[in-house]
2 protein chains.
Amino acid sequence: MQITRAGEYAIMGATCLARRGLGKAVMIHEVCKEEHIPRSFLAKIFQALTKAGIVRSQRGIRGGFTLARPSAEITVLEVLEAIEGKLAFDRRLQEPASCHDTHACTLCDLFTEAQHRVREIMGSTTLADLTRPKAEVMKRIQGGNLHNGNGPRARALQTI
Amino acid sequence: MQITRAGEYAIMGATCLARRGLGKAVMIHEVCKEEHIPRSFLAKIFQALTKAGIVRSQRGIRGGFTLARPSAEITVLEVLEAIEGKLAFDRRLQEPASCHDTHACTLCDLFTEAQHRVREIMGSTTLADLTRPKAEVMKRIQGGNLHNGNGPRARALQTI
DNA sequence: GGTAATTAAGACCTTTTTAGTCCTCTTTTC
DNA sequence: GAAAAGAGGACTAAAAAGGTCTTAATTACC
Ligand code: SF4
Ligand code: SF4
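Remember, it's a predicted structure, so these values are computed and weren't measured experimentally.

Caption draft 1: Seen up close, helix H1 (residues 5-20) of chain B. With 16 residues, H1(B) ought to run about 22 Å at 1.5 Å a step, and its terminal C-alpha atoms sit 22 Å apart, in line with that. Here H1(B) lies mainly inside the structure; 13 of its 16 residues are buried.

Structure below.
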């Protein structure tokens, strides 16, 4: 139940590019140094992000990586799934029809909902959001007013 | 980013005990057969649940396992964490103070919130809930009116 | 008290995944 | 054409997942 390093590094790396601005080519080396990520590992990760159309690469002298789109249009979920594959809390939620008996078991329904909640927040948080000042980000994330705003949400479950 | 088989089996196994009722000793063998879980693997899992005070064991002839408390007082989160350890989306959220630089990085704040949402639903769903008819469970889970009820929540993000 | 049935405990095993590295291309700029 | 990037693929070590197996310790019942 943990995000892999690869996924984590992908988000950090992409956020790093977001901070540099669109169109500015940044070398792997620079990103690695800034975010403390092993160089050849990040190279692999950025390769995958390139294929996924999230970043663009430029070879040769003065080459590097840059975001393929404005950072406000790239969600954290998108980056994560480009590396880890589609988010699935349970193997049975990846490919359906593996339910051995369609009787009264409701476990996958619970998993689906939990997963949905994660997708909700990850899918509505963009790289641009992550580059904003901490206080602002916290307020946005915890306020619960995502892009379909529905007021401040209850925080009564803090202790759970 | 997946729940392990052990965690999954733990919930299924405990739910199976919940269906039999409090105090009724059920042998591992029976649970395994019903839920399609390898016998010796479930034995290990139930052993851990026993130590965690979630189930009670009885050795010898006519022995078996039973829930240690009413099923309505045992949350899915509790069972899951007894097996997998405390839920943590990122290694850095398990033990704090591993933040190499406390600068403007807000990634862990996002992870914390995502994790919180999972705890919210897993922590408010009990084994008793899982034994109820499917339609009823779905309604409860998706309605969003958990034990601190705050009305039906927006489902606009269905497509995310 | 003996025996059969049941869980407890821990050592052990195999496969898969994670977290990388390394080497050889290819592309691009100067 | 030389130097400086990334692309691609093969490879690897360590850890985690997903179990099994064997030897106890209990307990009910005859
Ligand atoms: S809902 Fe229950 S029976 Fe169906 S696939 Fe999920 S765990 Fe298995
Ligand atoms: S908030 Fe950012 S810098 Fe701090 S531990 Fe998390 S990822 Fe690292």
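There's more to say after this.
Caption draft 2: Representation of the environment of Ile45(B) in the model. Residues and elements named next belong to chain B. Topologically, isoleucine 45 is positioned in helix H3 (residues 39-51). Each C-alpha atom of the pair isoleucine 45 and glycine 7 lies 8.4 Å from the other, and the pair is 38 residues apart in sequence. Setting aside chain neighbours within four positions, we find isoleucine 45 in contact with Ala6, Tyr9, Ala10 and Ile83.

Caption draft 3: View of the protein's contact with DNA strand C. Surrounding DNA strand C, one finds 24 residues, the nearest of these being Ser40(A), Arg59(A), Lys44(B), Ser57(B) and Arg59(B). Of all DNA strand C atoms lying within 4 Å of any protein atom, the proportion belonging to sugar or phosphate reaches 70%. Between a phosphate oxygen of DNA strand C and a main-chain N or O atom of Arg5(A), the distance comes to 2.9 Å. Broken down by class, the residue content of the surface near DNA strand C amounts to 8 nonpolar, 9 polar and 7 charged.

Caption draft 4: Structural detail: the protein's contact with DNA strand D. Taken together, the neighbourhood of DNA strand D is formed by 24 residues, with Met27(A), Ser57(A), Arg59(A), Ser40(B) and Phe41(B) sitting nearest. Each atom of DNA strand D within 4 Å of the protein was classed as base or backbone; sugar and phosphate made up 69%. The separation between a phosphate oxygen of DNA strand D and a polar side-chain atom of Ser57(A) is 2.8 Å. Separating a phosphate oxygen of DNA strand D from a side-chain N or O atom of Tyr9(B) is a distance of 3.3 Å.

Caption draft 5: Looking closely at the nonpolar core. Core analysis: the largest hydrophobic core is formed by 84 residues, its most contacted members being Phe46(A), Val79(A), Phe89(A), Met122(A), Val79(B), Phe89(B) and Met122(B). Apart from the residues within four sequence positions on either side, Phe46(A) is in contact with Gly13(A), Ala14(A), Leu17(A), Ile28(A), Val31(A), Val55(A) and Phe65(A).

Here is what the cut-offs are and how they apply
- Residues numbered from 1 in each chain as written.
- Chains lettered and ligands numbered in written order.
- Predicted model: local features only at pLDDT ≥ 70, side-chain atom pairs only at ≥ 80, totals over all residues.
- Heavy atoms only, no water.
- Helix = DSSP H or I, 4+ residues; strand = E, 2+ residues; numbered from the N terminus.
- Expected span 1.5 Å × (residues − 1).
- Buried < 20%, exposed > 50% of the residue type's maximum accessible area, 1.4 Å probe, protein only.
- Contact = heavy atoms within 4.5 Å.
- Near = heavy atom within 4 Å.
- Polar contact = N/O pair within 3.5 Å; in protein donor to acceptor, adjacent residues only side chain to side chain.
- Nonpolar A, V, L, I, M, F, W, Y, C, P; charged D, E, K, R; others polar.
- Core = buried A, V, L, I, M, F, W, Y, C linked by side-chain atoms within 4.5 Å.

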